[in-house]
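# Descriptive analysis of the structure
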Amino acid sequence: MQYWLIKSEPYKWSWNDHVAKGVEHWDGVRNYQASNNMKAMEIGDLAFFYHSNEGKEIVGIVEVVSGYYPDHTDPKERFGMVDFKAVKPVNKPVNLAQIKADPNLSEMSLLKQMRLSVGPVRKSEWDYIMKLSETTL
DNA sequence: GCCAACGTTGGC
DNA sequence: GCCAACGTTGGC
């Protein structure tokens with residue numbers, strides 16, 4: 001069981017879009033590290049859904065519901081993707097400023113590699129953010 | 001809208 | 001295989 005964080009710009013694909021759709025494939029990733037992270041995902045893994053640019057906050061939780069398979073929108077067929085199912089919104093969004101200010105979260109890949117759109121989250125970080133967001137599964 | 005960070009591309 | 005040029009991401 002591993003934990004992740006996926007980013008999306010809400011005007012392109014928002015948490016509400018994902019909730020409305022239920023299950024959606026995460027296409028469009030064109031970065032090897034992000035793609036490799038998806039390759040490492042297993043069915044049942046959980047991820048935070050983060051809004052970049054607008055909001056800059058963790059707004060929901062999704063679950064990995066497929067294995068890694070080729071991204072059909074990639075003309076060069078180099079990158080892949082997985083499917084995510086919307087699980088539930090967080091009760092209190094956790095924003096970037098909070099994460100930056102919190103010493104417990106200073107090692108998050110979200111901060112270390114700001115441009116990485118799919119990154120790992122440690123279990124301790126996951127649990128801590130769940131507490132901050134007042135969310136239980 | 002700007003621009004820093006940083007990943008990718010392509011010429012050599 | 002190096003590295004300069006280029007493109008993209010994403011915070012501010």
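The following refers to the structure shown. (Residues numbered from 1 in each chain as written. Chains lettered and ligands numbered in written order. Predicted model: local features only at pLDDT ≥ 70, side-chain atom pairs only at ≥ 80, totals over all residues. Heavy atoms only, no water.)

Around DNA strand B, the neighbouring residues are Asn31, Tyr32, Lys76, Arg78 and Arg115. Among all atoms of DNA strand B positioned within 4 Å of the protein, those belonging to sugar or phosphate total 67%. One nitrogen or oxygen atom from the main chain of Tyr32 is found 3.3 Å from a phosphate oxygen belonging to DNA strand B. Measuring from a base oxygen of DNA strand B, one finds a side-chain N or O atom of Arg115 at 2.3 Å. Along the lines of polarity and charge, the residues of the surface near DNA strand B split into one nonpolar, one polar and three charged. (Near = heavy atom within 4 Å. Polar contact = N/O pair within 3.5 Å; in protein donor to acceptor, adjacent residues only side chain to side chain. Nonpolar A, V, L, I, M, F, W, Y, C, P; charged D, E, K, R; others polar.)

Surrounding DNA strand C, one finds Lys7, Tyr50, Ser52, Asn53, Lys56, Leu96, Lys100, Met114 and Arg115. The sugar-phosphate portion of DNA strand C accounts for 71% of its atoms within 4 Å of the protein, the bases making up the rest. For DNA strand C, a phosphate oxygen lies 3.3 Å from a polar atom in the side chain of Lys7. With respect to DNA strand C, the side chain of Tyr50 contributes an N or O atom lying 3.1 Å from a phosphate oxygen. The residue inventory of the surface near DNA strand C, partitioned by class, reads three nonpolar, two polar and four charged.

This part is about the side chain of Ser35. Considering the arrangement of structural elements, one finds Ser35 in helix α2 (residues 32–39). Looking at Ser35, its side chain comes within polar contact range of the side chain of Tyr68, at 2.8 Å. What Ser35 contacts, discounting residues up to four positions off in sequence, is Val29, Tyr68, Phe79 and Gly80. (Helix = DSSP H or I, 4+ residues; strand = E, 2+ residues; numbered from the N terminus. Contact = heavy atoms within 4.5 Å.)

Another point: the sheet that holds strand β4 (residues 57–64). Ordered in space as β2-β7-β4-β3-β1-β8, the six strands form an open sheet in which the pairing is mixed. Of all strands in the sheet, those with a lone pairing partner are β2 (23–25) and β8 (118–121), marking the two edges. Neighbour-to-neighbour, the strand axes of this sheet turn through a mean angle of 40°, independent of strand direction. Both strand β3 (residues 46–51) and β4 contribute to a ladder of six bridges, which runs antiparallel. The residue bridging Phe48 from the neighbouring strand is Ile61, located in β4. Lying over the sheet, α2 contacts β1 (3–8) and β8, oriented at roughly 55° with respect to β8. With respect to the sheet, helix α5 (residues 123–132) is in contact with β1, β3, β4, β7 (83–95) and β8, its orientation differing from that of β3 by roughly 60°. (Pairing = 2+ DSSP bridges. Axes fitted to C-alpha atoms, helices over the stretch in contact; angles between N-to-C directions.)

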